Amino acid sequence: MCDTQLGMGGYEHDKKAFEQAVRQINILAPDFVVICGDLVNNANDSSFNDFNFIKNGFNMPCYCAPGNHDVENTPSDSSLTKYRNAIGDDYFDFQNKGYSFLVCNTQLWKVPTGTESEKHDKWFKDKLEEFSKKQKPVFVIGHFPLYLEEPEEKDQYFNLPKDKRKELLSLFEQKNVKAYLSGHTHKTIINEYKGIQLVSGEVTSKNFDKRPLGFRIWTVSEDSIHHKFVPLENK
């Protein structure tokens, strides 16, 4: 899932759309759900409470990455603390059926933030090294896409800075990263870099490319990775 962003497409509309996604996903019964950031549009106690209330309706684990609307465009000690108290860790890893998953705070890559960005970078590289030594394939989950059309494109609001982008692509290639899932763009972007899938999916709040609201279901086996779009049903 991407950009539930309660308040982006109309607060009550976004709540109902998220609730509908929860109902459909519970019927599909995947192993787990990931939400690729921008959980809410305006980060405050009320919106985070509403988000958590709806998220708690899932019948399976749901892992969340923070977006810029969740921790501010330039994260601060107070915005990070607010997020961590309301939602949980802003970066962490988990395992499922032989795959490792790294959930990242891409805002700390987008806008370097002193010690916080340094800690995040060290954690990320240490985890990739750990999983590489164990020969575990990796999925990386974030909010900002690395790039929109091609790796050498200029920096802009919707991508990560070029130097960081090149560093990450090199790490992904070296450390057995199979896919990078992101949001932020509010339009579907599907790229592939040297066999690594880079996917920014559809949202449940408001799509800018006029695609239907919805989410993607990923099917992963030892030798294949596939994903397909599932639109929200009108209820």
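Note: the structure precedes this text.
Calculation criteria
- Residues numbered from 1 in each chain as written.
- Predicted model: local features only at pLDDT ≥ 70, side-chain atom pairs only at ≥ 80, totals over all residues.
- Heavy atoms only, no water.
- Helix = DSSP H or I, 4+ residues; strand = E, 2+ residues; numbered from the N terminus.
- Core = buried A, V, L, I, M, F, W, Y, C linked by side-chain atoms within 4.5 Å.
- Buried < 20%, exposed > 50% of the residue type's maximum accessible area, 1.4 Å probe, protein only.
- Contact = heavy atoms within 4.5 Å.
- Pairing = 2+ DSSP bridges.
- Axes fitted to C-alpha atoms, helices over the stretch in contact; angles between N-to-C directions.
- Phe/Tyr/Trp six-rings, centres within 6.5 Å; stacked < 30°, edge-to-face > 60°.
- Lys NZ or Arg CZ within 6 Å of the ring centre and 35° of its normal.
- Right-handed = clockwise from strand over helix to strand, strands pointing away.
- Expected span 1.5 Å × (residues − 1).
- Arc of directions from axis to C-beta.

Asker: Got a minute to help me understand unusual backbone geometry in this structure?
Answerer: Most of the time, phi is negative for any residue but glycine, and the peptide bond is trans. Look at K97: it is not a glycine, yet its phi comes out positive at around 50°. On the secondary structure map, K97 appears in the loop between β3 (92–96) and β4 (99–103). The backbone of K194 shows a phi angle near 50°, a positive value even though the residue is not glycine. Examined against the element boundaries, K194 turns out to sit in the loop between β7 (189–193) and β8 (196–200).

Asker: For this particular structure, what's the right way to read the nonpolar core?
Answerer: What tends to happen in soluble globular proteins is that the nonpolar side chains get buried as a cluster. Membership of the largest hydrophobic core comes to 26 residues, with the highest contact counts inside it found for M1, F18, I35, F51 and F58. Among the elements of the structure, α1 (11–28), β1 (33–36), α2 (45–55), β2 (62–65), α4 (77–86) and β9 (214–220) are those that each provide at least two residues to this core. Ranked by residue count, the leading element in this core is α1, at five residues. Excluding residues that lie within four positions of it along the chain, M1 makes contacts with F18, A21, I25, V33, V34, I35, C36, F58, T204 and F215. If you look at the next biggest cluster of nonpolar residues, it comprises 24 residues, including W123, V140, L169 and L198.

Asker: Where do I start with the sheet that holds β4 in this structure?
Answerer: Taken in spatial order, the six strands line up as β3-β4-β5-β6-β8-β7 in an open sheet, and their pairing is mixed. The open sheet is flanked by β3 and β7, the only strands paired with a single partner. Strand-to-strand twist across the sheet, computed as the mean angle between neighbouring axes with direction ignored, equals 15°. In the sheet, strand β6 (residues 177–182) pairs with β8 via four bridges, with the strands oriented parallel. In the sheet register, L181 faces β8, and the bridge partner there is V199. Helix α6 (residues 114–133) contacts β3, β4, β5 (138–141) and β6 of the sheet and is inclined by roughly 175° relative to β4.

Asker: I keep staring at the packing of aromatic side chains and nothing clicks. Help me out?
Answerer: Aromatic rings in a pair are described by how distant their centres are and how their planes are angled relative to each other. If you walk through the whole model with that rule in mind, you get 18 aromatic pairs. Relative to Y83, the ring of F48 has its centre 6.2 Å away and its plane inclined at 80°; by these criteria the two rings are edge-to-face. Pair noted here: F48 is in helix α2 and Y83 is in helix α4, with a separation of 35 residues, a long-range link. One exposure class covers both F48 and Y83, and it is buried. One aromatic cluster is present, built from ring pairs that chain together F32, Y63, F92, F94, Y99, F101, F139 and W218. Stacked on the ring of F229, the Lys or Arg R211 has its end atom at 4.8 Å from the ring centre.

Asker: Looking at this structure, I do not really get the pairing of β6. What am I missing?
Answerer: The side chains of a regular strand alternate, first on one face of the sheet and then on the other. Within β6, five of the six residues are buried, which leaves it mostly tucked inside the rest of the structure. Sheet topology note: the β5/β6 ladder contains four bridges and is parallel. By the bridge assignment, V140 is partnered in β6 with Y180. Once the chain exits β5 it traverses helix α7 (residues 162–174) before rejoining the sheet at β6, and the crossover so formed is right-handed.

Asker: For this particular structure, what's the right way to read α7?
Answerer: For the α-helix, the turn length of 3.6 residues means that residues three or four positions removed from each other point alike. Between its first and last C-alpha atoms α7 spans 18 Å; for 13 residues at 1.5 Å apiece the expected length is 18 Å, and the two agree. For α7, the complete set of buried residues consists of K164, R165, L168, L169, L171 and F172. The arc enclosing the buried residues of α7, seen along the axis, measures out at 165°, which places them on a common side. Of the residues in α7, the exposed ones pointing more than 90 degrees away from the buried face are D163 and Q174. Considering only its buried residues, α7 is in contact with α5 (107–110), α6, β5, β6, β7 and β8. At the C-terminal side of α7, N176 shows a positive phi close to 65°.

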